[in-house]
Each structure stands twice: as C-alpha cells, then as structure tokens.
Amino acid sequence: VPPVTRAPTLDVLDAHGFAPYVDAAVEVYVVAMGKRRDVLPARRDITRRHLDFPGFRGVVALSEGRLAAFSYGYLGRPGQWWHDSVVGALPRTDADTWLDNAFEVAELHVLPAWQGRGLGRALLHAVCADTTAQTVVLSAIDAETPARQLYRSAGFRELLTGFTFPGSAERYAVMGRSLPLDDGG
Ligand SMILES: CC(C)(COP(=O)(O)OP(=O)(O)OC[C@H]1O[C@@H](n2cnc3c(N)ncnc32)[C@H](O)[C@@H]1OP(=O)(O)O)[C@@H](O)C(=O)NCCC(=O)NCCS
C-alpha cells in the first residue's frame, strides 16, 4: 500500500520564523514559475532583504516536513522598489487610495504536484489576515493565468495592466482590493 500523503499544514510566520524557509522557498518559486536555476542566488538575496520589511508575514504549507507552497508579504513603504515603481505609475489619487496603507503580497507559489487543490487560495487568505493595512496589492504576469483567475475570484481588481517594472521587459498587471479579504470585496 503506498504511503498516504497528508494535506499540507499551513503555518503563519513572522520574519524570524520564515528565515529558515528562504532556501526552500526560492526552490519552490523556481519550479512553480518555470524559471532557470541560475536566478536562485539573486532571488535568495531579494527574499532575505524582504525579511526586514515592516509587517512581514509569511505562510508555509508543509507536507511531511517539506515545503509544498508558500506566500509572504509586508507593509508597503516609500523606498521599497516595488512600492515606488507602482506609485510612480499610478495616477496620484489611485496611488493614495491603494498604496498609502497597503499590505503587499510579494510571493505566492504552489509546487505543481499540489496545485488545483485549494492551497493557493488558502495561502492568499492566510497571508492577508490580521494586518493593519486597509488594502492588499500585488502584481502578476499580465496574461490569463491561474494566478490572475485566483486574484479576480478573490475580489481583486486591475489597477494597472501592461505595466513593466524598471529593468524588465515582462508585462505585469497590478491588482488590489480592500481588506479584510473575507468581506466579499
Ligand atoms: C497561482 C497558484 C498560486 C494557484 O494555486 P493553486 O493551489 O493551484 O490554486 P487553488 O487550487 O487554490 O485555486 C484557486 C483559484 O485559482 C484559479 N485556478 C487554479 N488553477 C487554475 C487553472 N488551472 N486554470 C484557471 N484557473 C485556475 C481558480 O480561480 C481557482 O478557484 P476555483 O477552484 O474556485 O475555480 C498556483 O497555480 C501557482 O503556484 N502557479 C505558478 C506560480 C504563480 O503563478 N504564482 C503567482 C505569481 S503572481
């Protein structure tokens, strides 16, 4: 009889608690996003830097001690690359409305073997819970992907489409919604 694989358990972690999962998280990122492994060192550095951002909140999904999926975010502040890039691209009133007091979901990735079982949605809700922010914002590749469907179905709307971050040619959609996530939007 093959061993039964249990549904992953979700743990919500602060920056100190998430730090030991950084290496495993960037491995999940590379596999989930279909990236080349040579991006790993740079991703590790970025993720470690994010641990110092205010309001850092991570969620790990563990199956038999192994990372199956993760998400993390933090409070957006002037001086942060993502925050400043998006503020600069939005009309002033939109920037005030959406980014003045925002929780920014930086990463959400589920290993392919675990996709389509509700983990992504559960992680999104868990990472956005218990924050002092009024809005949640994120960026996703500007295409009809499962991620885009997930965010739309969770009540996110598009704030920007066809947006390119400095130094990248990839086109992104920036999406946002009010918090809490469970109030229907
Ligand atoms: C996007 C991702 C996190 C979703 O996680 P998941 O565990 O597979 O998603 P769930 O099972 O929780 O499904 C949640 C919703 O996502 C959407 N979705 C999931 N799989 C989908 C698919 N194959 N096609 C279209 N929509 C899909 C649906 O809206 C779904 O809701 P429903 O089940 O009520 O229809 C996951 O597919 C992933 O890691 N993808 C690769 C990495 C990535 O794109 N990360 C996001 C970067 S912005």
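The written sequence of each chain sets the order in which its residues are numbered from 1. Per-residue local features of the predicted model are confined to residues with pLDDT of at least 70, and side-chain atom pairs are confined, for both listing and counting, to 80 or more; whole-chain, interface and lining totals are unaffected and use all residues. Side-chain metrics in this entry use all non-hydrogen atoms of the structure; hydrogen atoms and water are not considered.

A. Up close: the site of the ligand. Looking at the ligand, there are 20 residues lining it, with Val110, Gly116, Gly118, Gly120 and Arg121 nearest. Here a polar contact is recorded for every N or O atom pair within 3.5 Å, except that within protein the pair must consist of a potential hydrogen donor and a potential acceptor, and residues adjacent in sequence are included only if both atoms are side-chain atoms. Note that a nitrogen atom of the ligand is positioned 2.8 Å from one of the backbone N or O atoms of Leu108. One nitrogen or oxygen atom from the main chain of Arg117 is found 3.2 Å from an oxygen atom belonging to the ligand. The protein chains shown are the only cover counted for residues, whose accessible areas, like all others here, come from Shrake-Rupley with a 1.4 Å probe. Its free accessible area being 920 Å², the ligand has 68% of it covered by the protein chains. A 1.4 Å probe that fits but cannot get out identifies a cavity on a 1 Å grid over protein atoms alone, an open set with protein on both sides within 12 Å along at least five of seven lines counts as a pocket, and a residue lines either if it has an atom within 4 Å of a point. Whether a molecule sits in a cavity or pocket is decided by its atoms, more than half of which must lie within 2 Å of the grid points. Using a 2 Å cut-off from the grid points, one finds that the ligand occupies the largest pocket. For each residue, the test is whether any non-hydrogen atom lies within 4 Å of the molecule or strand; if one does, the residue is near.

B. A look at the packing of aromatic side chains. Aromatic contacts are taken between Phe, Tyr and Trp rings whose centres are within 6.5 Å, Trp giving its six-membered ring; a plane angle under 30 degrees counts as stacked, one over 60 as edge-to-face, and the others as tilted. In this structure the tally under the stated criterion is twelve aromatic pairs. Measuring from centroid to centroid gives 4.8 Å for Phe163 and Phe165, while their planes differ by 70°, and the two rings are edge-to-face. Relative accessibility under 20% of the residue-type maximum defines a buried residue, over 50% an exposed one, and the middle range a partly exposed one, all with a 1.4 Å probe and only protein chains included. On the accessibility criterion, Phe163 (13% relative accessible area) is buried. Members of the aromatic cluster, connected to one another through ring pairs, are Phe18, Phe53, Phe56, Phe70, Tyr72 and Tyr74. Seen from the ring of Tyr29, Arg43 lies directly overhead, with NZ or CZ sitting 4.0 Å from the centre. Only when the NZ of Lys or the CZ of Arg is both within 6 Å of the ring centre and within 35 degrees of the ring normal is a charge said to sit over the ring.

C. Molecular detail of the pairing of strand E2 (residues 57–63). Most of E2 sits inside the fold, with seven of its seven residues counted as buried. Helix numbering and strand numbering both begin at the N terminus, where a helix is a DSSP run of H or I of at least 4 residues and a strand a DSSP run of E of at least 2. Side chains of E2 alternate between two faces, with Arg57, Val59, Ala61 and Ser63 and Gly58, Val60 and Leu62 buried alike. Strand direction decides the pairing type here: strand E1 (residues 9–13) and E2, joined by five bridges, are antiparallel. Bridging from a neighbouring strand, Leu10 pairs with Ala61 of E2. A pair of strands is considered paired only if DSSP assigns at least 2 bridges between the two. Relative to strand E3 (residues 66–75), E2 is paired through seven bridges, and the arrangement is antiparallel. Each bridged residue has a counterpart across the sheet, and for Ala61 the counterpart in E3 is Ala69. Hairpin connection, E2 to E3: the antiparallel pair is bridged by two residues, and Glu64 has positive phi, about 50°.

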